[in-house]
Amino acid sequence: MKVFDIPGFPNPLRIRIVLAEKGLVSNVEFVKVDLPAAEHKQPAFLSINPTGTVPVLQLDDGTYISECTAITEYLDNLDGNPTLTGKTPKEKGVIHMMHKRAESELADPVGYYFHHATPGLGAALQPYKSPEWEGRVEWGNRQRDKAVAGMRYFDQVLRSQPYVAGDAFSMADITVLAGLIFAGFANIEIPEECEALKSWQANVQQRASVRNPA
Ligand code: GTS
């Protein structure tokens, strides 16, 4: 298998943690995509992922799978023991619900803020980020506020359970963690009072897959 991504970036990190969790690091070859140079917006890359984002997984038969959720589902089920996406119908339902919230209430808004209300990844990408739209900074700042509200939501959740989707670590935890890492990079602070969220973060940062992702 191949993974098209760029090391150190938050969405690629989600899959690199999954690969470490599943013991699949040695099965994968990484192909670097130059995001700051807008390589992911050029025809060659768009032909493998029309949304122009990384990561993308290429299977040995040539199939491309993009979207972290889809890639995680694939990798988690390869060994017949899905530890990150749920085994029972109830586990699958709850994990997917919380994972969607992790994306829509935290990780995605942080990305929108970063790309639209700040210089983002630099000049080469600006033509792809609505540079002519006057309202983009205000919209981006609202996305930052939404991300902070998302942090408060997950803090509430984590006051009564150890992990985002319940009693076990799952892909929902990976996505909340990636969202917080991206938030730190974008200078969005976790509110002082979100102690449960901070304590959960300190806990998951000790996991082997997080300390040593692919
Ligand atoms: N929904 C996508 C997924 O789940 O894979 C999001 C992927 C995504 O936004 N990736 C970012 C990207 O390619 C990389 S990172 O900033 O998260 O590391 N962004 C490129 C761009 O131009 O927005």
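Look up a bit, the structure's there.
Criteria and cut-off values
Residues numbered from 1 in each chain as written. Predicted model: local features only at pLDDT ≥ 70, side-chain atom pairs only at ≥ 80, totals over all residues. Heavy atoms only, no water. Pairing = 2+ DSSP bridges. Helix = DSSP H or I, 4+ residues; strand = E, 2+ residues; numbered from the N terminus. Axes fitted to C-alpha atoms, helices over the stretch in contact; angles between N-to-C directions. Contact = heavy atoms within 4.5 Å. Salt bridge = Lys/Arg side-chain N within 4 Å of Asp/Glu carboxyl O. Buried < 20%, exposed > 50% of the residue type's maximum accessible area, 1.4 Å probe, protein only. Near = heavy atom within 4 Å. Polar contact = N/O pair within 3.5 Å; in protein donor to acceptor, adjacent residues only side chain to side chain. Areas by Shrake-Rupley, 256 points an atom, 1.4 Å probe, with all protein chains shown as cover. 1 Å grid on protein atoms, 1.4 Å probe; cavity = no way out; pocket = protein on both sides within 12 Å on 5 of 7 lines; lining within 4 Å. Sits in = over half its atoms within 2 Å of the grid points.

Chemist: Give me the lowdown on the sheet that holds strand β2 (residues 29–32), citing residues and values where you can.
Modeler: Ordered in space as β2-β1-β3-β4, the four strands form an open sheet in which the pairing is mixed. Where the open sheet ends on each side, the last strands, each with one partner, are β2 and β4 (64–66). Pairs of neighbouring strands in the sheet enclose a mean axial angle of 25 degrees, with direction left out of account. Docked against the sheet, helix α3 (residues 68–77) engages β3 (56–58) and β4, running at close to 120 degrees with respect to β4.

Chemist: Tell me about the pattern of salt bridges, and please be specific about residues and values.
Modeler: Counting across every chain of the model gives nine salt bridges. Between glutamate 103 and arginine 14 there is a salt bridge, and its shortest N-O distance comes to 2.9 Å. Taken together, the positions of glutamate 103 in helix α4 (residues 89–117) and arginine 14 in helix α1 (residues 10–21) put the pair 89 residues apart, joining distant regions of the chain. As far as burial versus exposure is concerned, glutamate 103 and arginine 14 are alike and both buried.

Chemist: I'd love a proper account of the site of the ligand, names of residues and values included.
Modeler: Not every one of the 15 residues close to the ligand is listed here, only the nearest: Phe9, Asn11, Val54, Glu67 and Lys129. At a separation of 2.4 Å, an oxygen atom of the ligand approaches a polar side-chain atom of asparagine 11. Within the side chain of histidine 40, one N or O atom sits 2.9 Å away from an oxygen atom of the ligand. Surface burial for the ligand is 88%, taken as the share of its 550 Å² of free accessible area covered by protein chains. Under a 2 Å grid-point criterion requiring more than half of the atoms, the pocket assigned to the ligand is the largest pocket.

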